[in-house]
Amino acid sequence: MNLFDEPWIPVRWLPGQDGPESVGFRGLLERCQHIEALDVPLAAAQSALLRVLYALTARVTKLDQERRHYEDQDDQDRDAQDQDDRDRNGDWMHRRARILKHRALPQGGIENYISQRHERFFLFDDATGRPWLQDSRLADECTESTGVNKLVMTRPSGNNHSWFGHVRDSAPRPPSAATAVPYLLMWHYYGAPGKCTARALHGERISEAKRGPLFSSLSYHPEGDSLLVTLLAGLVRPGTEVRREEDLCPWERDEPTDPAGAPPVPVGPCGWWTDTSRHALLLQPDARRERVTNARITWAYRLPGAFDDPYLIWERRLDKNKPGEEIRTARRAKANRALWRDLDGLLLHRPPEADGEETTLEPPKVFATAVELTEQLRVRALGFDQNKAKNTQLVSGLTSATVGHLSDRFPDAQVAVGRLRRLGERYGENLTEAVRKAWALYTRGDPKHAGKLVPQAEALYWPAAEREFWIRFDHLDRTGKDPDGGLDIRAARDAFLGLAREAYARTTEPLTRTVRGNQAVLDARGLLWMTRPERKNK
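Just so it is clear, the structure is predicted and the values come from calculations on it, not from any experiment.

A. Broad picture of the overall build of the protein chain. Across its full length, the protein chain carries 16 helices and 13 strands. Taken across its 538 residues, the protein chain has 53% of its residues classed as buried. Partitioning the contacts of the protein chain with sequence separation of at least 6, the portion at a separation of at least 24 is 72%.

Put into structure tokens, the structure is as follows:
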């Protein structure tokens, strides 16, 4: 199975366009202008796949370097350009905009790259010993296999309970090759730390893996009206020092890396997109090479390595154990947290009231250049709510409105978004505190043991608050002329407070059937109006 040629990526076609349900890398690159979006059901797999697609897009468009020299261009590109374009071809932003104007990735670039790298994209490859994103050395270095139930992250394995499907390690159901590829990607990006299948190194058997680069995190990707726009908007502008012969993807290396050392430090976007895995895998096919019958999953490097990512919200806080030093961590994925609550974290300009908070936010770098391509962008959030012990839930979200107009040219609108989000958060937190207080006064117990009342209140408030947020978001200023960014702060405050009051009344109604319960509800109700001048980021 060659991943360029065989269909394995589910896609959703634009209205009026016909095509197969799944395509390979070749079909995706050639017809991305006719594809609306990826249709990958696993959020973490889509997040990982997008990073691979960014690298392939950068390669075939030559946007993997800040400047593109004329001698790098193929004959088709030379014929398409006039002298004015040649004079300006060093401008990365201009070259990217020109590709969007032509409404297709360059066919010559696609053919050239596939012809050069085709043999490195076989999922099973005994001839060259270089199957795609796998390490053939594991056949000798891992004497025991891991099994396909461990490979397929959504299946239970070992002694875990079977909640959604009954599978056994003694009689596993081999997934198809096309089904296995997304899980291969998930392991490279979201693989868990800790015990793994033992791998021999210099006579020592070691079975401890480092955490995957995106483990438990939530990444944010610009999404356009077609996959072509999504891929171009998602590219990161390389530094002037980046050279494509040095900024390598793992399938472009002549030799595999040394597991005894640290991971190679990427020198450019392609390396950061594809070469930060901390796990090594090897898939075993059946006789017909149509299904994966076994897998080896283990550690890739003994030493830790550097990591950065332009699609994450980075949170900075002072290290309490090391005065003067900062801790930088990626925002975690949370299954119960809606995307709109993170929206202002994507923006550079924040409300003045955010100054002095313990946590400062560093927005994803990709949006600095994405909004320069087009304003018709939404934000896709993809991640995995997980910890070392378990994988809880895949997380996916898409903004219901375009956010491309929130560029740095309109700082007042960005501040308005932050204030709107903070109002929604404030009254949601006030509601939680009030319900807990009412329960404690009624039962004379611990407010933390509010039973099912808090989830009931939150289930009523947060979906309604999300709808209110997007309604008011649509009315924010898009001209840069309103110093308040188009936000009526008093009306927004009253709206969120009204939602909190309604949720509080419906949740605590059973308590009001007794005198003591009714008094408890009345006494705690005042917390709904509480202000939070010393709020901390959550």
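B. The arrangement of the sheet that holds strand S12 (residues 378–386) in detail. If you walk across this open sheet you meet the three strands as S6-S12-S13, and the pairing is antiparallel. Only two strands of the sheet have a single partner each, and these edge strands are strand S6 (218–223) and strand S13 (391–398). The average angle at which neighbouring strand axes cross in this sheet is 15 degrees, direction not considered. Examined bridge by bridge, S6 and S12 share six bridges and lie antiparallel to one another.

C. Representation of unusual backbone geometry. Despite not being glycine, Arg 103 shows a phi value in the positive range, around 60 degrees. Structurally, Arg 103 is set in the loop between helix H5 (92–102) and helix H6 (107–117). In this model, Leu 133 sits at a positive phi of 55 degrees, which is unusual for a non-glycine residue. You can call Leu 133 buried: its relative accessible area is 16%.

D. Representation of the sheet that holds strand S11 (residues 360–362) in the model. Spatially, three strands are ordered S10-S9-S11 in an open sheet, and the strand pairing comes out antiparallel. Edge positions in the open sheet fall to strand S10 (326–330) and S11, since each of these has one partner strand only. Here the average twist between neighbouring strands, direction ignored, is 30 degrees. Where strand S9 (residues 314–318) and S10 come together, five bridges link them in antiparallel fashion. Pairing of Leu 318 across the sheet is with Glu 326, part of S10.

E. Geometry of helix H12 (residues 366–373). Most of H12 is tucked away: six of the eight residues are buried. Looking only at H12, the buried set comprises Val 366, Phe 367, Thr 369, Ala 370, Val 371 and Leu 373. At its buried positions, H12 is contacted by H5, S6, helix H10 (227–233) and S12.

F. Focus on the nonpolar core. Formed by 133 residues in total, the largest nonpolar core has its most connected members in Phe 25, Leu 28, Leu 38, Trp 132, Leu 151 and Tyr 461. Ranked by residue count, the leading element in this core is helix H2 (residues 43–61), at 13 residues. Leu 28 has contacts with Ile 9, Val 11, Val 23, Ile 35, Leu 38, Leu 53, Leu 227 and Leu 231, leaving out every residue within four places of it along the chain. One finds Leu 138, Ala 280, Ala 300 and Tyr 301 within the second-largest nonpolar core, a separate group that totals six residues.

G. Quick peek at the environment of Ala 300. Checked against the element boundaries, Ala 300 lands in the loop between strand S8 (292–299) and S9. Ala 300 gets classed as buried once you look at its relative accessible area, which sits at 12%. Once the C-alpha coordinates of Ala 300 and Arg 278 are considered, the two residues, 22 residues apart in sequence, prove to be 5.2 Å apart. If we ignore the near neighbours within four places in the chain, the residues touching Ala 300 are Arg 199, Pro 259, Arg 278, His 279 and Ala 280.

H. Structural context of the pairing of strand S1 (residues 9–13). Taking every second residue as pointing to the same face, the buried face of S1 carries Ile 9, Val 11 and Trp 13, while none of Pro 10 and Arg 12 on the other face is buried. When S1 meets strand S2 (residues 22–23), the two strands line up antiparallel, connected through two bridges. Within S2, the residue paired with Pro 10 across the bridge is Ser 22. The sheet contact formed by S1 and strand S3 (residues 35–38) spans three bridges and is antiparallel. Note that in S3 the partner of Val 11 across the bridge is Leu 38.

I. Focus on the packing of H5 against H12. The contact between H5 and H12 brings their axes to 10 Å, and the two run at 50 degrees. Judged on the interaxial angle alone, H12 and H5 are oblique. The chirality of how H5 crosses H12 is right-handed. For the pair formed by H5 and H12, the contact residues are Met 93, Arg 96, Ala 97 and Leu 100 on the first element and Thr 369, Ala 370, Glu 372 and Leu 373 on the second.

J. Representation of the packing of aromatic side chains within the structure. The full count for this structure, using the stated rule, is 18 aromatic pairs. Judged by centre distance (5.0 Å) and plane angle (80 degrees), the rings of Tyr 461 and Trp 462 are edge-to-face. Residue Tyr 461 is classed as buried on the basis of its relative accessible area of 0%. You can call Trp 462 buried: its relative accessible area is 15%.

K. Broad picture of the environment of Leu 528. Structurally, the position occupied by Leu 528 is in the segment after helix H16 (515–525). Classification of Leu 528 by relative accessible area gives buried; the value is 0%. It is 6.3 Å that separates the C-alpha atoms of Leu 528 and Ala 434, two residues lying 94 residues apart in sequence. Residue contacts for Leu 528: discarding those within four places in its chain leaves Tyr 427, Asn 430, Leu 431, Ala 434, Leu 497, Ala 500, Arg 501 and Tyr 504.

What counts as what
- Residues numbered from 1 in each chain as written.
- Predicted model: local features only at pLDDT ≥ 70, side-chain atom pairs only at ≥ 80, totals over all residues.
- Heavy atoms only, no water.
- Helix = DSSP H or I, 4+ residues; strand = E, 2+ residues; numbered from the N terminus.
- Buried < 20%, exposed > 50% of the residue type's maximum accessible area, 1.4 Å probe, protein only.
- Contact = heavy atoms within 4.5 Å.
- Pairing = 2+ DSSP bridges.
- Axes fitted to C-alpha atoms, helices over the stretch in contact; angles between N-to-C directions.
- Core = buried A, V, L, I, M, F, W, Y, C linked by side-chain atoms within 4.5 Å.
- Parallel < 35°, antiparallel > 145°, perpendicular 65-115°, else oblique.
- Left-handed = near helix turned anticlockwise from the far one by under 90°.
- Phe/Tyr/Trp six-rings, centres within 6.5 Å; stacked < 30°, edge-to-face > 60°.

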